Amino acid sequence: MTAETRSEPDRKLVGIVAVAENGVIGRHGEMPWHIPEDLQHFKEATMDHPIIMGRVTYEGILESLGEPLPGRTTIVLTSRDLETPENAVTAAGLEEALEAATTAARERHDDADRIFVAGGATVYEAFLPALDRLLVTEVHDDPDGDTYFEWDREEWAERERDDRDGFAFVEYVRPE
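Computed from a prediction, not measured in an experiment: that's the story for all the values here. Every chain is numbered on its own, with residues counted from 1 as its sequence reads. A pLDDT threshold of at least 70 governs which residues receive local features in this predicted model, and a stricter bar of 80 or more applies before side-chain atom pairs are shown or counted, although totals over entire chains, interfaces and linings include all residues. Hydrogens and water are ignored here; the side-chain numbers use all heavy atoms of the structure.

Trainee: Tell me what's going on with helix α3 (residues 94–107), and back it up with residues and numbers.
Mentor: Within an α-helix, residues lying three or four positions from one another point in the same direction, as the helix has 3.6 residues per turn. The end-to-end C-alpha distance of α3, which contains 14 residues, comes to 20 Å, matching closely the 20 Å that a straight helix rising 1.5 Å per residue would cover. The rule is simple: take the accessible area with a 1.4 Å probe, protein chains only, and divide by the maximum for that residue type; under 20% is buried, over 50% is exposed, in between is partly exposed. Helix and strand definitions here come from DSSP, where helices need a minimum of 4 consecutive H or I residues and strands a minimum of 2 consecutive E residues; each element is numbered from the N-terminal end. Taken together, the buried positions of α3 are occupied by A97, L98, A101, T102, A104 and A105. For α3, the arc enclosing every buried residue in end-on projection is 160°, short of the 170-degree limit, so these residues lie on one face. In α3, the exposed positions angled more than 90 degrees off the buried face are occupied by E99 and E107. Buried residues belonging to α3 abut β1 (12–20), β3 (51–54), β4 (74–77), β5 (88–91), β6 (114–117) and α4 (121–127). To estimate how far a helix should reach, multiply one less than its number of residues by 1.5 Å. Working definition: the arc comes from the directions between the helix axis and the C-beta atoms, pointing outward to the latter. Any pair of residues with heavy atoms lying within 4.5 Å of one another is described as a contacting pair.

This is the structure in structure tokens:
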């Protein structure tokens, strides 16, 4: 996927991630921190929007909640056959995932203006060249981990920052 295959001009493709100072986003399939404000921020940002994620991230949510994220259509990027409820669909590739998310934005989410990419690491890496924005929770810690978010900060401009105790919510955009 390239920048040329970004979402429609009126619909932004937004990565949303919580990442530690050392780049860690996960350990043994889980986040190595518990920040309730970050979970609330994620919910508020993504509610009523389609979300693209990988199978492992999706299965972690199912294990934790017992269902896909309510109020959102989840597009699961996977090559496996998965049974999914009505608010989740599978996609075998990046273009198929983006098409499914665009359809969901139009048909299920009142023509939502954003499609979110919510991990894991390989999904972020694959979509990063096409993202219009990044919503990053910068966790001020260096935990041990086995999953990382890698990106070139020089390709992004900080648009907004909300500093909190031990973390910050930061929005990045691609410079014009």
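Trainee: Requested: an account of the packing of aromatic side chains, with residues and values cited.
Mentor: Aromatic pairing here means that ring centres of Phe, Tyr or Trp (its six-membered ring) are within 6.5 Å. Orientation follows from the plane angle: under 30 degrees is stacked, over 60 is edge-to-face, and everything else is tilted. In the structure shown here, the tally under the stated rule is five aromatic pairs. Ring geometry for W151 against Y172: centres 5.0 Å apart, planes inclined by 70°, an arrangement best described as edge-to-face. You can see W151 sitting in the loop between β8 (147–148) and β9 (157–164) and its partner Y172 sitting in strand β10 (residues 167–173), a full 21 residues away along the chain. Here the two residues W151 and Y172 agree in accessibility, since each one is buried. Taken together, a centroid distance of 5.3 Å and an interplanar angle of 65° make the contact between F167 and F169 edge-to-face. Judged by relative accessible area, F169 falls into the buried class, the value being 9%. Here a set of aromatic residues connected by ring pairs shows up, and it is made of Y124, F149, W151, W156 and Y172.

Trainee: Residue-level account of the nonpolar core, with values.
Mentor: Note on terminology: a nonpolar core comprises buried Ala, Val, Leu, Ile, Met, Phe, Trp, Tyr and Cys residues joined through side-chain atoms within 4.5 Å. Among the nonpolar cores identified, the biggest contains 27 residues, and L13, I52, F127, L131, L134 and F149 are the most heavily contacted of them. Contributing elements (two or more residues each) for this core: β1, β4, α3, β6, α4, β7 (133–139) and β10. Counting residues in each nonpolar core, the second largest holds 13 residues, with I16, I51, M53 and F116 among its members.

Trainee: Describe unusual backbone geometry, listing the residues and the values that go with them.
Mentor: In this structure, G120 follows G119 across a cis peptide bond, with omega equal to 0°. The backbone phi angle of H28 is positive, close to 55°, even though this residue is not glycine. Within the fold, H28 resides in the loop between β2 (24–26) and α1 (36–46).

Trainee: Describe the pairing of β6, listing the residues and the values that go with them.
Mentor: Across a regular strand the side chains alternate sides, sitting on one face of the sheet and then on the other. The criterion for strand pairing is that DSSP finds at least two bridges linking the strands in question. As paired elements, β1 and β6 share four bridges and run parallel to each other. By the bridge assignment, G15 is partnered in β6 with V117. As paired strands, β3 and β6 are joined by two bridges and run parallel to one another. Across the sheet, I52 pairs through a bridge with V117, a residue of β6.

Trainee: Kindly report on the environment of R27, identifying the contributing residues and their values.
Mentor: Tracing the backbone through its elements, the reader meets R27 in the loop between β2 and α1. Along the sequence, R27 and D146 sit 119 residues apart, while their C-alpha atoms lie 5.1 Å from each other. Look past the residues within four positions of R27 in its chain and what remains in contact with it is P32, P143, D144, G145 and D146.

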